[in-house]
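As a plain string of letters, each chain reads:
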Amino acid sequence: MAPRRKKIYEGKAKILYEGTEPGTLIQYFKDDATAFNAQKKATIEGKGVLNNRLSEFFMSGLTNIGVPNHFIRRINMREQLVRQVEIIPLEVIVRNFAAGSIAKRLGMEEGTPLPRPIVEYSFKNDELGDPFVSEEYVIAFGWASQQDLDDIVSLALRVNDFLSGVFFGVGIKLIDFKIEIGRIWDGDFMRLIVADEISPDSCRLWDVKTGQKLDKDVFRRDLGSLTDAYTEVARRLGLMPANTTSLSKPTLIN
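For every chain, the first residue of its written sequence is number 1, and the numbers climb from 1 along that sequence. The model is predicted, so local features are restricted to residues of pLDDT at least 70 and side-chain atom pairs to those at 80 or more, both for listing and for counting; the totals for chains, interfaces and linings are taken over all residues. Hydrogens and water molecules were not included; the side-chain quantities draw on all heavy atoms of the structure.

Q: How do you make sense of the overall build of the protein chain when you look at a structure like this?
A: A tally of regular secondary structure across the protein chain gives six helices and 14 strands. This radius of gyration counts C-alpha atoms alone. The globule rule is 2.2 Å times how many residues there are, raised to the power 0.38. Since a compact globule built from 254 residues should have a radius of gyration of about 18 Å, the 18 Å found for the protein chain is in line with a globular shape. In terms of overall dimensions, the protein chain has a C-alpha envelope of 55 × 50 × 35 Å along the principal axes. Looking at the protein chain residue by residue over its 254 residues, the buried ones come to 49%. Surface exposure of the protein chain reaches about 12,500 Å², of which carbon and sulfur atoms provide 52%. For this count, His and the chain ends are skipped, Lys and Arg are scored as positive, and Asp and Glu as negative. Charge positions are represented by NZ for Lys, CZ for Arg, CG for Asp and CD for Glu. Between the centroid of the 34 positive side chains of the protein chain and the centroid of its 35 negative side chains there is a distance of 5 Å. Helix and strand definitions here come from DSSP, where helices need a minimum of 4 consecutive H or I residues and strands a minimum of 2 consecutive E residues; each element is numbered from the N-terminal end. For each residue, the accessible area found with a 1.4 Å probe, counting protein chains only, is set against the maximum for its type, and the residue is called buried under 20%, exposed over 50%, and partly exposed in between. Residue burial considers only the protein chains on display, and all accessible areas are found by Shrake-Rupley using a 1.4 Å probe.

Q: Got a minute to help me understand the UniProt feature "domain: SAICAR synthetase/ADE2 N-terminal" (unreviewed entry) in the protein chain in this structure?
A: UniProt positions are given in the numbering used here, feature names are shortened, and annotations may be inferred rather than shown by experiment. Sites flagged by UniProt as "domain: SAICAR synthetase/ADE2 N-terminal" (unreviewed entry) map to residues 7-236. A distance of 34 Å separates the end C-alpha atoms of residues 7-236, which is 30% helix and 36% strand.

Q: Would you mind showing me how to read helix α1 (residues 47-64) here?
A: In an α-helix, one turn spans 3.6 residues; hence positions three or four apart end up facing the same way. Across its 18 residues, α1 extends 26 Å between first and last C-alpha, which sits within 8% of the 26 Å expected from 1.5 Å per residue. For α1, the tally of buried residues reaches 14 of 18 residues, placing the bulk of the element in the interior. Just beyond α1, the residue with positive phi is Gly-66, at close to 85°. Each helix should span, by expectation, one fewer than its residue count multiplied by 1.5 Å.

Q: Is there a simple way to think about the packing of aromatic side chains in this case?
A: Each Phe, Tyr or Trp ring (for Trp, its six-membered ring) is paired with any other whose centre lies within 6.5 Å, and the angle between the two planes then decides the class: stacked below 30 degrees, edge-to-face above 60, tilted in between. Per the counting criterion, the structure on display carries five aromatic pairs. Judged by centre distance (4.5 Å) and plane angle (10°), the ring pair of Phe-123 and Trp-143 falls under stacked. Of the two residues, Phe-123 sits in strand β10 (residues 113-123) while Trp-143 sits in the loop between α3 (135-140) and α4 (146-168), which places them 20 residues apart along the sequence. The two residues Phe-123 and Trp-143 agree in class, both being buried. Three or more aromatic residues joined by ring pairs make a cluster, and in this case those are Phe-123, Tyr-137, Phe-141 and Trp-143. The rule is short: NZ of Lys or CZ of Arg within 6 Å of the ring centre and within 35 degrees of the ring normal puts a charge over the ring. Sitting over the ring of Phe-219, Lys-40 keeps its end group 4.8 Å from the ring centre. The side chain of Arg-105 reaches across the aromatic face of Phe-132, ending 4.2 Å from its centre.

Q: Before we go on, may I ask you to explain the domain arrangement of the protein chain in this structure?
A: Frequently, the measure chosen for interface size is the accessible area removed from exposure when the parts meet. Domains are outlined according to an automatic or database domain assignment. Along its sequence, the protein chain is organised into domain 1 (7-83) and domain 2 (86-225). Relative placement of domain 1 and domain 2: their C-alpha centres are 17 Å apart. Facing 28 residues of domain 1, the contacting portion of domain 2 comprises 25 residues. Accessible area, probed at 1.4 Å, shrinks when two parts are joined; the buried area is that loss added up over both. For the pair domain 1 and domain 2, the summed buried area comes to about 2,300 Å², and 63% of that belongs to carbon and sulfur atoms. Area buried by domain 1 at its contact with domain 2 is led by Lys-40, Phe-58 and Pro-68, which between them contribute 25% of it. One side-chain nitrogen of Lys or Arg within 4 Å of one carboxyl oxygen of Asp or Glu is enough to make a salt bridge. The interface formed by domain 1 and domain 2 contains five salt bridges. Here Lys-12 makes a salt bridge to Asp-126, at a shortest N to O gap of 3.3 Å. The term polar contact refers here to a pair of N or O atoms within 3.5 Å; inside protein, the definition further demands a hydrogen-donor-capable atom paired with an acceptor-capable atom, and it admits residues adjacent in sequence only when both atoms are side-chain atoms. Applying the counting rule to domain 1 against domain 2 returns 16 residue pairs in polar contact (both at pLDDT 80 or more). At the level of secondary structure, the elements contributing two or more residues to the side of domain 1 that touches domain 2 comprise β3 (24-29), β4 (32-35), β5 (40-43) and α1. Ranked by residues supplied to the side of domain 1 that touches domain 2, first place goes to α1 with nine residues. Every residue pair with non-hydrogen atoms within 4.5 Å of one another is taken to be in contact.

Q: How should the pattern of salt bridges be read in this particular structure?
A: Pairing between side chains of opposite charge can happen when their charged atoms approach one another. For the structure shown, the criterion picks out 29 salt bridges. A salt bridge links Glu-197 to Lys-14; its shortest N-O distance comes to 2.8 Å. Remark: Lys-14 occurs in strand β2 (residues 14-18) and Glu-197 occurs in the loop between β13 (189-195) and β14 (203-207); sequence separation between them is 183 residues. Across the salt bridge formed by Lys-30 and Asp-32, the nearest N and O atoms sit 3.7 Å from each other. Assessed through its relative accessible area of 28%, Asp-32 is described here as partly exposed. Several salt bridges converge on common partners, so that one network encompasses Arg-95, Arg-105, Glu-110, Glu-120, Asp-176, Arg-204, Asp-217, Arg-220 and Arg-221.

Q: Sorry, what's going on with the environment of Glu-120 here?
A: Tracing the backbone shows Glu-120 in strand β10. Distance in space between the C-alpha atoms of Glu-120 and Ile-93 is 5.0 Å, their sequence separation being 27 residues. Within the structure, Glu-120 has its side chain in polar contact with the side chain of Arg-105 (distance 3.2 Å).

Written out as structure tokens, the structure reads:
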């Protein structure tokens, strides 16, 4: 019988356990789907398996182009080994087109191209609904320094360039996405790296030709099967066989 693992943290879509090596964590992807700050919930069988593989794909791609991140390796279908980081309590949002909250705030039609990629921050706090905050708030409350923010914007825009290109190559428009950033120390030297996950849970993805939504908005807005949407993303990226029809027993390509 395997020894019981120490749970470090449980969020809406993932569980973090103590890692097998010093300075590491095991990130477990759940099948839970939530929206509107967990007011809407469901279990989507196989979702965690797919998001684990997709996040591995994107994080490995970032590593290959020199963007530092917490991913070390995938352990099994639902788990990956990651570096333990001190998470900055911000969601870093990059927007290429108007959708969701920015469309509502500014009265813009969804899908309107923005003049340039816009980087925004929200304070990570479920009870408060992850409110948007300005750079002034971030610096005043000590969540990050001005130098940190400069580095965060640089990281976020590099991730945006990479993801936009990968998705556009398979006929998908990257509307927006969010990432989290963590601090790690090498002795006295601190650096910032991309953490958490990159998956259809954290991106808005539209088909380039039809505008069909291939992300969690399918679940948020009752637009059909989240299973089918995520399967389509994985299939286009070459992570699932072309004839795959269901996530309940996903066959992933290594």
